[in-house]
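# Descriptive structure summary
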Protein chains: 4
Amino acid sequence: MKRIAILTSGGDAPGMNAAIRAVTRKAIFDGMEVYGINYGFAGLVAGDIRKLDVADVGDKIQRGGTFLYSARYPEFATAEGQLKGIEQLKKFGIEGLVVIGGDGSYQGALALTKRGFPAVGLPGTIDNDIPGTDFTIGFDTAINTVLESIDRIRDTATSHVRTFIIEVMGRGAGDIALWAGVAGGADDIIIPEHDFDMQEVADRIRVGRDRGKKHCLIVLAEGVMGGNDFADKLAEHGDFHARVSVLGHVVRGGSPTARDRVLASKFGGHAVELLKEGKGGLCVGIRENEIVATDIIDTLENQKHHPDLSLYTLNQELSF
Amino acid sequence: MKRIAILTSGGDAPGMNAAIRAVTRKAIFDGMEVYGINYGFAGLVAGDIRKLDVADVGDKIQRGGTFLYSARYPEFATAEGQLKGIEQLKKFGIEGLVVIGGDGSYQGALALTKRGFPAVGLPGTIDNDIPGTDFTIGFDTAINTVLESIDRIRDTATSHVRTFIIEVMGRGAGDIALWAGVAGGADDIIIPEHDFDMQEVADRIRVGRDRGKKHCLIVLAEGVMGGNDFADKLAEHGDFHARVSVLGHVVRGGSPTARDRVLASKFGGHAVELLKEGKGGLCVGIRENEIVATDIIDTLENQKHHPDLSLYTLNQELSF
Amino acid sequence: MKRIAILTSGGDAPGMNAAIRAVTRKAIFDGMEVYGINYGFAGLVAGDIRKLDVADVGDKIQRGGTFLYSARYPEFATAEGQLKGIEQLKKFGIEGLVVIGGDGSYQGALALTKRGFPAVGLPGTIDNDIPGTDFTIGFDTAINTVLESIDRIRDTATSHVRTFIIEVMGRGAGDIALWAGVAGGADDIIIPEHDFDMQEVADRIRVGRDRGKKHCLIVLAEGVMGGNDFADKLAEHGDFHARVSVLGHVVRGGSPTARDRVLASKFGGHAVELLKEGKGGLCVGIRENEIVATDIIDTLENQKHHPDLSLYTLNQELSF
Amino acid sequence: MKRIAILTSGGDAPGMNAAIRAVTRKAIFDGMEVYGINYGFAGLVAGDIRKLDVADVGDKIQRGGTFLYSARYPEFATAEGQLKGIEQLKKFGIEGLVVIGGDGSYQGALALTKRGFPAVGLPGTIDNDIPGTDFTIGFDTAINTVLESIDRIRDTATSHVRTFIIEVMGRGAGDIALWAGVAGGADDIIIPEHDFDMQEVADRIRVGRDRGKKHCLIVLAEGVMGGNDFADKLAEHGDFHARVSVLGHVVRGGSPTARDRVLASKFGGHAVELLKEGKGGLCVGIRENEIVATDIIDTLENQKHHPDLSLYTLNQELSF
C-alpha cells in the first residue's frame, strides 16, 4: 500500500494521540502517505480528511484525548454509511484504514473489512474490554487516575473513620475496578463478573472496624449499580453512613502513562507493518506480552474479553 | 504557658498535619509541652489526649488528612460539653489550645475563650470561607486538585466537542470555583456570590462554538445548585447535551501543595508564639501577605469572608 | 492605544502562556489588536511578528513553556538593537509592548521606555527574584516541582537512613530553596542570603540521628555552591556520605499550578488596562496580595528583591 | 511452614511496601506467622527482627521506599555472615524467607538456599535488570517518573529551541532509557546494549532541526557515559550547546503506580503460596503476563536479562 488513513472513534482514551503519531511516523518512514480523518466515521462519510505530515504529530505523544476528534455515528451501521465511507476513501486514493477505538469502532472496521476494504483495528478504550488483547490503550492511565483518587479519599476516610463507596467507570467490564481496587488496597471490589452478597460486604466492614481499621474503601464498577444505590442497600445491613464518590469523566482524560504511550507506539507501528504488506481485516493486540494481530471477524464474533479474576481472589485475601 | 494542646475539627483539609507538626515542633523548641487530642472536640470531652514528641510529627508534613483524626460533635455547642472539655484540659494541666478547622471549629474555640480558656484558631478548610484570613490551609491544594480534573476533562470535551458542567465543592463560598475556574480557563463560572442568567450562559456557549471552540467548560459551585439540575435547566435554552462531572470528596485529600505546607507552618508557629505570651481568644490568618492574629469574638461576630470577585469579572473578559 | 504586542524573554517559566493568553484575550475584549513576537527581543529586532487572534491562545493556559519562544539576545543592550526594535514595532503600527520575563528582560523593557516607547514588564521567572513584586509567574509551580522531588527523595533517604543534599536552582536568590525547604521539612536550608557554618550543619545532622531520625535532607541553592562541593565539605565534618541530587532544568517546565495561572491572568489583564490608558514604563507585580504597577526605572534602579527570611528562622525551629 | 520472614535489600524501589503488605496479609490469611527483618541482611545477621501483624502493613501500600529499611551489607557474601543469618532465623523459629531486591539481594537468597534454608526472591528494583522476569517491582513507577521529567524538559527545550541530554539511571541495563525514551518521544536513545555513532546522533539532530523541530531530547543510560561527557563529545560534531539534565535519586522514590502495586501484590501472594507448600530456592517473576517461579540457582547462573530491543528500532523509526 502507498496511502493509508487513520481515525479515532468512540470514547476518547489517553494514548490515542501516541497511536496516531506512531502510525503516521512509521508509515512515512516506510515510504507511505498518511491521511487523518476527523470525527471518526462521521468525518469519514463527510470526507473530513487531510494529509498528515511528520510535523503534524509532533508534540502530541504526551497529550490526552485525540487531536483527530471522535464522535458517535450510529449511521455507520447502515450499508449506505459504509458504502459512502468507502467511496470517500477511494476518492482520496486511500488503500487501507487504521481504526482506533473500542467495541463500536471495531464494528465499523469489521464492516469495512467485510465489504473488501482493508481495515486494522487498534484497541483504544479505558475500559480494557476488547477481545483479542490483554490490555487496551488508555487502561493503564485510567487505573492510575482512579488510584490517585482512591489515595486522596483514603486521607479523608482515615481522618473521619468513614466508609466510602468509590464508583468507577465500567458498564460491562470490571477491569478498572479490579486493578485500581487491588492497587488501592480496597476493602472490597464489586464487579459485574463476580457475585457479591451485601451481608458479606457489611460483615467485612465490621471485621475491619473491630480490628481498629480507620477507613473502609469499596470500589464499585458502575455496571453493577450506582454508588448511591449501593450505599442505600449497604445501610440496610448496618449503621455505615457510607459516603459516595463517583469518578466519572475525569478518568477519561489526562496525559498518558509511559506504558500506554509505549503500547500505543507498538500497536501503531505494527498496524502499519500489516498494511504495508497488504494485510487488512485484522485487529492488533498484546497477548502474553507479545504484540499480535488476529482476524477481526473471528475475534469479534468468537472471542470474549475476561478480566483477571485472580485479582478478585487476591484482594479478598489481602484486605480482610 | 508551659503546656498546650492541639486538635483538628470539621472536614479534613490538606496541610492540617503540617500545622500540627509546626505547633508541636515550635512549642517544644520554645520549651513547652504539647498534647494531641484525637477526634476533635469529641476526643477533648472524652479525654482522648496524649503527649506529642518531636518524633510523633516526623514524616507527617507531606501527608493529607489529619493524623489526630476529626469528628463532628454538635454536643460541644452545649454548656455541658464545653465545661467537660475544660475539665479534661485542666486534668492534663493544659493551659492553652490550638484548634485547626473551619467555621464550626472556630465556634468551639470561641466558646472556650468566652469561658476563660485561652484558645487560638487556625483556619483549616478547603473552602477558604473563614473570616479573618485571605487564605485557609487546604485551599491551595484543593484548587490544584480541581484544576487537574478540569485539565483532564478538557481533553475529553475537546475530543468530543462537548459542553461539561463541573460541579465543585463550596456550599456557601465560591472561592474554589472562582480560582479553579480562572486557572482552568472556564467558559463560565457560577457561584453563590454572583447572579447569573441561564440565557446568557447559553449565549456564551453558542458564541464560543460559532468561533470554532471545541470544548466548553462551566465550573459550578455546589451551593448554587447541583450539576445535573444545572444541565437540565441549560438544556431548556438550547441543544447542549452537557455532560456533568461532580468533583466531590476527592478534592479534600491528597498531599498538600508547597503553599499550603508553608502557610500551615507559619500559622502553627505563630499560634505557639501567641500562646507562649499567654495570649488566647485569637484567630490566626494571612492578610495582605502578612501573618496576623485577630480577636476571635470580633472576627466571628463582625467579619465576613468575601471571595475575590475581580476574578469573576476577569474570567468573563478572558473566556468570551 | 489600539495595537499592542507581547513577547517572552529569558528563561521560560510555567504560566508564561497563561499570561500571553490573558494579554491577548483582554486586549481583544477591550477592542485592541494584539501582536505576538517570537523569540523575545531577537524576534523583535528581526521582525518575527504576527497578529494573535482569540483562538491562537486557546488550549494554551495549561501548557508549560512559552509558545512565543524565548531566546537570549545580548545585542538588545546596544542602542542599535533598541532602535531597530522600535523601528519594527512602528512598522507594524504597534503602540505598546508587554514584556514577560526576568531581570534581563526587564532591562529591555526599561531601555525601550527610556527611548520613549511604552513598555510594561510582567515578572516571569521561576526564581522569584524580581523587584516590585512579592511573587513572580512560575515560582509557585517551581517550588511544587521541587517539593515533589524532595518527597520522593525522602522515601529513599528514609529507607537507607541517609543524608541527601538537594541542589535547587537559584543563582542569586534563595526563594526556591527557602519555600521548598520549609514545605519539604528540610533539616537545613542553605541560601545566598544567609550565612551558614558547616560545623553547625554537621552538628544538626548528628542531633537528628541521635534522636532516631531516619533521613536528613539539606536543600541547597546553587548560588551558594554546587551540591557535590557541599557534600565534600560536609564530609570533612563527619562520616556522612551524603548523596547529592541536582534538580536542574526539570524545574523550569511543567503545567502551571492554579496560583501561577491566576497570577499570570491577573498580571496580563492589568498590563492591558495600563496600556489601554496609554500608560507605559511600568512593571506589574503583586504586593500585599494586591496587583500593583510601579515605575520601571525606579523599581529596577532603586529596589531590590528580598526573600522572606522569616522562613529561614522558622525552618531552624521546626526541623531541629 | 508456619512461620516465615521477609526483608528488603539493595536500592529501594516503589512497590516494596506493597509487596511486604501482600506477603504479610496473605501469610496471615493462610494461617502462618510473619516476621519483618529491618535493614536487609545486616538486620538479619544482627537479629533486628519483629513479628508483623495485619495492622502493621495497613496504610502502607501507597508509600514509596521500604518501611523495613534497606542497607548494603557485603559481609553477607561470607560463610560467616550466612551462617549467622541462618542461626538468627532458627532462633526465631522462622522456616522460610522472602527476599525483595535486586541482583545483590538475590545472591543472598541464593546463598541461603544453597545452605539449605528455603528462600524465595522477589524482583524489586527500578532497573528491571533481573533474570527470570519480564518486569520488576518499581520499574513502572520509575519510567513514569522519568517520563514526567522528560515532559517538563520538553517545555523548556521547545521554548528555547534547544537540545537536551537526559541522563537516567541504568548502569548495566538500558530498560529505563528505552521505555521512557519511547514514551517521551526521544529523538535518540543511548543504551549499553546497543552501539551508537556520535556522528549519526549529530546528523539526526540536524535533520530534525532542518524540518523545523523545536526541541531535541536524547535519553542516555548512565551506564554508557555521563551526560556531561556525552554533551562534550556531541559538541565535537556540531554547534549543539546541548544542556544536560541528570535524573538521579529522584527516580527511586514516590508512590508506586497501579501496575507496580498490582505486580507487587501478585508476587507477594505467590511467594507465600510457594513457601506454604514448603518450596524454597525459587525466584518469582512475571513472564508472558503470567506469574511464574523459577529455580533461583538456574535463573541466576544461566539466565540473563535482555531489554526489549524492538523498542530501540521502533524509536529510530518514529522520531526521525
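As the structure is a computational prediction, the values presented were derived from the model and not from experiment. (Residues numbered from 1 in each chain as written. Chains lettered and ligands numbered in written order. Predicted model: local features only at pLDDT ≥ 70, side-chain atom pairs only at ≥ 80, totals over all residues. Heavy atoms only, no water.)

### Here we look at the UniProt feature "binding site: ATP" (unreviewed entry) in chain A
All names here are of chain A. Taken from the UniProt record, the annotation "binding site: ATP" (unreviewed entry) applies to G11, R72, Y73, G102, D103, G104 and S105. Of the residues just listed, which span 95 residues, no C-alpha pair is farther apart than 13.4 Å, and they cluster in one region. Its location among the elements puts Y73 in the loop between β3 (49-52) and α3 (79-91). Y73 sits in the partly exposed class, given a relative accessible area of 26%. Those residues within four positions of Y73 in sequence are excluded, and the remaining contacts are F41, A42 and V45. Among the secondary structure elements, S105 is positioned in helix α4 (residues 103-114). Setting aside residues no more than four positions away along its own chain, S105 makes contact with S9, G10, F41, V99 and I100. (UniProt positions renumbered as here; feature names shortened; annotations may be inferred. Helix = DSSP H or I, 4+ residues; strand = E, 2+ residues; numbered from the N terminus. Buried < 20%, exposed > 50% of the residue type's maximum accessible area, 1.4 Å probe, protein only. Contact = heavy atoms within 4.5 Å.)

### A few points about the relation of the copies chain A and chain D
Between the two copies, chain A and chain D, the superposition gives an RMSD of 0.0 Å; the rotation angle is 180° and the shift along the axis is 0.0 Å. Expressed as an axis order, the relation between the two copies is that of a two-fold axis. No C-alpha of chain A approaches the rotation axis more nearly than that of A:E288, which lies at 2.0 Å. A shared binding surface is used by both copies, with 100% of the interface residues of chain A retained as interface residues in chain D. (Least-squares fit on C-alpha atoms with pLDDT ≥ 70 in both.)

### Quick word on the UniProt feature "active site" (unreviewed entry) in chain A
Residues and elements named next belong to chain A. Feature annotation in UniProt assigns "active site" (unreviewed entry) to the following positions: D127. Structurally, the position occupied by D127 is in the loop between β5 (119-123) and α5 (139-160). Classification of D127 as buried rests on a relative accessible area of 18%. Leave out the neighbours within four places in its chain, and D127 touches M169, G170, A173, D175 and I176.

### Some remarks on the relation of the copies chain B and chain C
Superposing chain B onto chain C takes a rotation of 180° plus a shift of 0.0 Å along the axis, which leaves an RMSD of 0.0 Å. Of all interface residues in chain B, 100% are interface residues in chain C too; the two copies therefore contact each other through one and the same surface.

### What to know about the pattern of salt bridges
Within the structure shown, the criterion is met by 81 salt bridges over all chains. Among the ionic pairs, A:K213 bridges to A:D187, the shortest N-O distance being 2.6 Å. Residue A:K213 is found in the loop between α7 (198-210) and β8 (216-221), and its partner A:D187 is found in the loop between α6 (175-183) and β7 (188-190); the two are separated by 26 residues along the sequence. For the pair A:K213 and A:D187, one class covers both residues: buried. The salt bridge involving C:R261 is made with B:D151; its shortest N-O contact spans 2.7 Å. Here B:D151 lies in helix α5 (residues 139-160) and C:R261 lies in helix α9 (residues 258-276), a pairing that spans two chains. Comparing C:R261 with B:D151 shows no difference in burial state: the two are buried. (Salt bridge = Lys/Arg side-chain N within 4 Å of Asp/Glu carboxyl O.)

### Let's talk about the environment of C:T156
Turning to its location among the elements, C:T156 is positioned in helix α5 (residues 139-160). Setting aside chain neighbours within four positions, we find C:T156 in contact with C:R162, C:F164, D:D12, D:H249, D:R252 and D:G253.

### Quick word on the pairing of strand β10 (residues 282-287) of chain D
Residues and elements named next belong to chain D. Counting buried residues in β10 gives five out of six residues, a clear majority hidden from the surface. As defined by bridge partners, strand β5 (residues 119-123) adjoins β10 across two bridges and the pair is classed as parallel. Following the sheet pairing, V120 is matched in β10 by L282. Summarising the sheet, β10 and strand β11 (residues 290-295) pair through six bridges and their orientation is antiparallel. The residue of β11 that forms the bridge with L282 is D295. Where β10 folds back on β11, the antiparallel hairpin that results is connected by two residues, among which E288 adopts a positive phi of roughly 50°. (Pairing = 2+ DSSP bridges.)

### Focus on the interface of chain A and chain D
Residue-level contacts link 46 residues of chain A with 46 residues of chain D. At the boundary of chain A with chain D, total buried surface from both sides reaches about 4100 Å², with 60% on carbon and sulfur atoms. When the area that chain A buries against chain D is broken down by residue, the three leading residues are A:R259, A:L318 and A:F320, summing to 17%. Put simply, D:K266 and A:D308 hold a salt bridge, and the shortest N to O gap is 2.6 Å. The interface formed by chain A and chain D contains 16 residue pairs in polar contact (both at pLDDT 80 or more). Elements with a minimum of two residues in the side of chain A that touches chain D: α1 (16-29), α5, α6, α9 (258-276) and α11 (310-318) of chain A. Here the side of chain A that touches chain D takes seven residues from α9(A), the largest share from any one element. When grouped by side-chain class, the residues that make up the side of chain A that touches chain D number 19 nonpolar, twelve polar and 15 charged. (Buried area = accessible area lost by both parts, 1.4 Å probe. Polar contact = N/O pair within 3.5 Å; in protein donor to acceptor, adjacent residues only side chain to side chain. Nonpolar A, V, L, I, M, F, W, Y, C, P; charged D, E, K, R; others polar.)

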